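# Structural characterization, general
Read off the chains here:
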Amino acid sequence: MLNRAYFCLILSCILWSLNPVANKYALLELAVPQLVFMRTFCTAFVMVAISLFLGYSFRIKQIGWKPIFLGIIDPGLTSLFFVTSLTMVSASNTVLIMALMPFSQPILARFALKEKIHFSIYYGAIISLFGLAIFLSEEQIISEKGVIGNIILFTVFCLFTVSQLITRKIMTSSISTLVVTTSQMISASFVMLLNLVFFGDLELPFIASSGTIITIVYLVFALAIPFFLYNYAMRYIKVGMSSLILVLIVPFGFLFAIIFLGEEITLLKLIGAVFVILGVILPQLISWRKKRVRLKELALKNRL
């Protein structure tokens, strides 16, 4: 089960790393409110149809309000703010900032879920923040759009941090993974509908090329499938470990940004990204080394 959970988490990372690229491409022809609503509504419709076909029910007494509340936060507000930030900063920028999740997650998990935290995480955080500073120095965030875009990204970062803890708590219960994911999409679609009504241009005609339509179809499935895989993985993997695996979004995201968007990844940006990845991996390497030393000491004591 654990190996399957890791496989699901890695696959969700690959799909999530392609999302910024696909969203960036679709935004060339569509406005943010229209894009996020179409994507979330279609995803919710597909998920509800599958759930009902398989015989699942959505009684509040059975599933509770937590999955509904989770959907409002993630992917509701997170998707809305994330796609908005893509209109202001590059896809590689968004990918790198979201990779800092491993440092906020263990700290919150320590207080909310009573999971242990290692001080090596703080050392890794310093290295990653140094790498992020190098990357952003090349990104030219001094402009008004760059500053606002990164503030919005930081908001997404905070919301996703909270949502990951809620997900972990929900998925340790007996609620079906499919029901949780579907409930998320339903409540998220209401968030997108309100955004479309109050902030979108309802008179704006739908004009999209075949390439954009195909991209939207991909985004529909790329919204539901990664969340389903991620929710399943969170049944078996602790928050701290799952956050470390999420760093795989960085190399995959950079690769997709270069291939599909033609974004320029300079040497300085690459160095910054490497520091971020090293900072994320370092705490786990230190933790594994300490465990190995303890196991050797224990084995030696048993021999004596």
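Details of the structure are given in the entry above.
Residues numbered from 1 in each chain as written. Predicted model: local features only at pLDDT ≥ 70, side-chain atom pairs only at ≥ 80, totals over all residues. Heavy atoms only, no water.

Let us look at the overall build of the chain. From N to C terminus, the chain includes 13 helices and zero strands. Its helices and strands in sequence order give the chain the pattern α-α-α-α-α-α-α-α-α-α-α-α-α, from N to C terminus. Here the chain displays about 15700 Å² of accessible surface, and carbon together with sulfur accounts for 72% of that area. (Helix = DSSP H or I, 4+ residues; strand = E, 2+ residues; numbered from the N terminus. Areas by Shrake-Rupley, 256 points an atom, 1.4 Å probe, with all protein chains shown as cover.)

This next bit is on helix 4 (residues 66-86). Since the α-helix advances by 3.6 residues per turn, residues separated by three or four positions end up pointing in the same direction. Counted at 1.5 Å a residue, the expected span for helix 4 with its 21 residues is 30 Å, and the 29 Å between its end C-alpha atoms agrees. By the largest-angle criterion, Ser79 marks the main kink of helix 4, which is about 30°. Burial runs high along helix 4: 15 of the 21 residues are buried. (Expected span 1.5 Å × (residues − 1). Bend = angle between axes of the 7 residues up to and from the residue. Buried < 20%, exposed > 50% of the residue type's maximum accessible area, 1.4 Å probe, protein only.)

Now for the packing of aromatic side chains. Taken as a whole and judged by the stated rule, the model has eleven aromatic pairs. Between Phe256 and Phe260, the aromatic rings sit 6.1 Å apart at their centres with planes inclined by 45°, giving tilted as the arrangement. Of the two residues, Phe256 and Phe260 both sit in helix 12 (residues 249-261), four residues apart, roughly one turn of that helix. A residue is classified by how much of its surface remains accessible, and Phe256, at 15% relative accessible area, is buried. Among the aromatic side chains, those forming a connected cluster through ring pairs are Trp16, Phe160, Phe227 and Tyr230. (Phe/Tyr/Trp six-rings, centres within 6.5 Å; stacked < 30°, edge-to-face > 60°.)

Counting residues in each nonpolar core, the largest one holds 70 residues, and the members touching the most others are Leu35, Leu96, Val250 and Phe254. For this core, the element with the most residues is helix 8 (residues 144-171), which contributes eight residues. Non-local contacts of Leu96, meaning those with residues more than four positions away in its chain, are made with Leu132, Phe135, Val250, Phe254, Ala273 and Val276. (Core = buried A, V, L, I, M, F, W, Y, C linked by side-chain atoms within 4.5 Å. Contact = heavy atoms within 4.5 Å.)

Time to look at the packing of helix 4 against helix 5 (residues 91-98). Contact geometry of helix 4 with helix 5 gives a least axis separation of 9 Å together with a crossing angle of 135°. Considering their axes alone, helix 4 and helix 5 lie oblique with respect to each other. Along its contact with helix 4, which presents Phe82, Ser85 and Leu86, the element helix 5 presents Ala91, Thr94 and Met98. Of the residues contributing to the contact of helix 4 with helix 5, the split by class is four nonpolar, two polar and no charged. (Axes fitted to C-alpha atoms, helices over the stretch in contact; angles between N-to-C directions. Parallel < 35°, antiparallel > 145°, perpendicular 65-115°, else oblique. Nonpolar A, V, L, I, M, F, W, Y, C, P; charged D, E, K, R; others polar.)

We now examine the environment of Glu144. Secondary-structure assignment places Glu144 in helix 8. With 56 residues separating them in the primary sequence, Glu144 and Met88 have C-alpha atoms 9.1 Å apart.

Our focus in this paragraph is a positive patch on the surface. Taken together, the side chains of Lys238, Lys290, Lys291 and Arg294 define a basic patch exposed on the protein surface. Note that Lys291 resides in helix 13 (residues 267-303). (Patch = residues over 30% accessible without salt bridge, like charges linked within 9 Å, V, L, I, M, F, W, Y side chains within 5 Å. Salt bridge = Lys/Arg side-chain N within 4 Å of Asp/Glu carboxyl O. Lys, Arg positive; Asp, Glu negative; His and termini not counted. Charge placed at Lys NZ, Arg CZ, Asp CG, Glu CD.)

A surface patch of nonpolar side chains, amounting to about 690 Å² of accessible area, comprises Phe190, Leu193, Leu194, Val197, Phe198 and Phe199. The exposure class assigned to Phe190 is exposed, which follows from its relative accessible area of 53%.

Our next topic: the side chain of Thr177. For Thr177, the position within the fold is in helix 9 (residues 177-199). When residues no more than four places from it in sequence are discounted, the contact partners of Thr177 are Met171, Phe228, Asn231, Tyr232 and Arg235.

With that settled, the discussion passes to unusual backbone geometry. The bulk of non-glycine residues show a negative phi, and the bulk of peptide bonds are trans. Omega for the peptide link from Asp74 to Pro75 comes to 20°, which places this bond in the cis form. By the secondary structure assignment, Pro75 is in helix 4.

Our focus in this paragraph is helix 12. Here helix 12 has its buried residues at Ile249, Val250, Gly253, Phe254, Phe256 and Ala257. Positive backbone phi, at 70°, marks Gly262, one or two positions downstream of helix 12.

Time to look at the packing of helix 5 against helix 7 (residues 120-139). Helix-helix packing: each pair is described by the crossing angle between the helix axes and the interaxial distance. For the pair helix 5 and helix 7, the least separation of the axes is 11 Å and the interaxial angle reads 165°. By the angle between their directions, the pair helix 5 and helix 7 is classed as roughly antiparallel. As helix 5 runs across helix 7, the sense of the crossing is left-handed. Counting all contacts with helix 5, which are made through Ser92, Asn93, Leu96 and Ile97, the residues of helix 7 involved are Leu132, Phe135, Leu136 and Glu139. When grouped by side-chain class, the residues that make up the contact of helix 5 with helix 7 number five nonpolar, two polar and one charged. (Left-handed = near helix turned anticlockwise from the far one by under 90°.)

Below, the discussion takes up the side chain of Ser92. Within the fold, Ser92 resides in helix 5. Separated by 3.2 Å, the side chains of Ser92 and Ser90 make a polar contact. Polar contacts involving the side chain of Ser92 include one to the side chain of Glu263, which spans 3.1 Å. With near-sequence residues (within four places) excluded, Ser92 lies in contact with Phe135, Phe254, Glu263 and Ile265. (Polar contact = N/O pair within 3.5 Å; in protein donor to acceptor, adjacent residues only side chain to side chain.)

This next bit is on the environment of Ala257. Summarising the element assignment, Ala257 is placed in helix 12. Along the chain, Ala257 and Ser17 lie 240 residues apart, while their C-alpha atoms are 9.2 Å from each other.

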